[in-house]
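# What the coordinates show
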Amino acid sequence: MGKGSNFGFTQSLNKESVIRLAVIAGLIIISYIPTLIWMVERWTAKDTYYSHGFLVPFISLYLVWQKRPVLSKIKPQPLAKGWIVFAAGTLIHIISALWRVYFTSGFSILLVISGLILIFLGKEFLKKLIFPVLFLIFMIPLPLVAIANLSFKLKILAAQLSTVIINKLGVPAIRDGSVIKTMNSYIIVEDPCSGIRSLIALIALGALMAYNSSLPVIKKYILFVSAVPVAIAGNVIRIVALSLASEMYGSKLAAGLFHTVMGVVVFVFAFFALLLIGKVLE
């Protein structure tokens with residue numbers, strides 16, 4: 001197999017190591033089938049916040065593929081201590097599987113993969129591959145209880161900020177919980193409108209943009225963290241626009257095509273806002 005057709009480092013392993021790695025990887029995949037099924041169910045659920053989950057493994061693989069020139073220059077130095085990391089991940093997975101706590105089982109995948117990299121390739125490989133491995137975090141759905149709590153706090157915050165802005169624009173508005181009432185209409189900031197979907201997606205996007213940037217480390221972290229206020233600001237803009245549209249043109253317009261279009265427009269706004277922040281940091 002030619003260098004251009006693999007990840008550039010598998011050819012550095014001997015045949016026996018490749019076979020062992022393939023067998024272990026196969027057994028791991030089989031053991032994680034219930035967890036993977038749980039993930040897919042959460043990715044495809046109605047009003048899911050993790051529809052991007054399908055893309056994450058492919059993005060991680062692409063990031064590894066990008067590293068081929070660097071990885072091909074590193075000599076594999078298998079590290080026996082990698083078995084400790086591997087065993088820790090496996091233990092967490094076994095306990096999680098017995099209790100059917102698939103969230104922690106999902107996180108154990110990161111330890112298992114890291115352990116395998118150490119066992120077969122060494123710590124220099126793990127240093128280069130740590131981001132693609134950690135990026136897999138974004139495919140692991142949070143527990144529903146955590147989602148509910150975070151969503152509630154976000155929608156109240158969004159409703160509060162939106163009400164202030166609407167009043168500043170000269171349209172009288174009051175807030176009752178997550179309901180924003182204007183003179184002739186009202187809108188309810190429900191869980192899907194809390195902004196949690198765009199928050200999760202933009203945090204992943206911010207991490208990816210920071211990783212691929214040529215910024216100093218501290219500025220990479222600033223770009224990554226900025227995804228949170230950008231996501232909140234984008235959702236507030238969306239709610240304000242929906243409130244004004246509902247007040248001026250009726251709730252049917254605000255709840256129909258305009259609602260959908262604003263969701264897309266705000267995400268595009270957030271994307272370009274992150275690009276702008278990256279340019280400013282440069």
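## Considerations on empty space enclosed by the protein
- Enumeration according to the criterion identifies 1 cavity of 30 Å³ or more in this entry.
- Each pocket or cavity is described by its volume, and for the largest cavity that value is around 60 Å³.
- Taken together, Leu154, Leu157, Ala158, Ser194, Gly195, Leu199, Ala231, Ile232 and Asn235 make up the full set of residues lining the largest cavity.
- Those elements that provide at least two residues to the lining of the largest cavity are helix 8 (144–168) and helix 11 (227–249).
- Split by residue class, the lining of the largest cavity holds 6 nonpolar, 3 polar and no charged.

## Comments concerning the side chain of Thr163
- Counting through the fold element by element, Thr163 comes out in helix 8.
- Among all residues touching Thr163, those that are not within four sequence positions of it are Ala173, Ile174, Arg175 and Ile180.

## Re the packing of aromatic side chains
- One pass over the structure, following the stated rule, counts 9 aromatic pairs.
- A ring pair is formed by Trp83 and Phe86, whose centres lie 5.6 Å apart and whose planes are at 90°; its orientation type is edge-to-face. Taken as a pair, Trp83 and Phe86 lie in helix 5 (residues 82–99) at a separation of 3 residues, close to a single helical turn.
- Judged by its relative accessible area of 38%, Trp83 is partly exposed.
- For Phe86, a relative accessible area of 14% corresponds to the buried category.
- Plain terms: the ring middles of Phe271 and Phe272 are 5.4 Å apart, the flat faces sit at 75° to each other, and that makes the pair edge-to-face.
- The class for Phe271 is partly exposed, based on a relative accessible area of 30%.

## Overview of the sheet that holds strand 2 (residues 179–182)
- Spatially, the 3 strands line up as an open sheet ordered 1-2-3, and their pairing is antiparallel. Here the strands that pair on one side only, and so sit at the sheet edges, are strand 1 (173–176) and strand 3 (186–188). The average angle at which neighbouring strand axes cross in this sheet is 15°, direction not considered.
- Bridge count for strand 2 against strand 3 is 3 bridges, and the pairing is antiparallel. Counted as the bridge partner of Lys181 is Tyr186 from strand 3.
- Relative to the sheet, helix 8 contacts strand 1 and strand 2, its axis offset from that of strand 1 by approximately 165°.
- In the packing of helix 11 onto the sheet, contacts are made with strand 2 and strand 3, and the angle to strand 3 comes to roughly 145°.

What counts as what
Residues numbered from 1 in each chain as written. Predicted model: local features only at pLDDT ≥ 70, side-chain atom pairs only at ≥ 80, totals over all residues. Heavy atoms only, no water. 1 Å grid on protein atoms, 1.4 Å probe; cavity = no way out; pocket = protein on both sides within 12 Å on 5 of 7 lines; lining within 4 Å. Points joined across faces, edges and corners; volume = space filled by probe spheres on them. Helix = DSSP H or I, 4+ residues; strand = E, 2+ residues; numbered from the N terminus. Nonpolar A, V, L, I, M, F, W, Y, C, P; charged D, E, K, R; others polar. Contact = heavy atoms within 4.5 Å. Phe/Tyr/Trp six-rings, centres within 6.5 Å; stacked < 30°, edge-to-face > 60°. Buried < 20%, exposed > 50% of the residue type's maximum accessible area, 1.4 Å probe, protein only. Pairing = 2+ DSSP bridges. Axes fitted to C-alpha atoms, helices over the stretch in contact; angles between N-to-C directions.

Everything listed is a geometric property; what it means functionally is a separate question.
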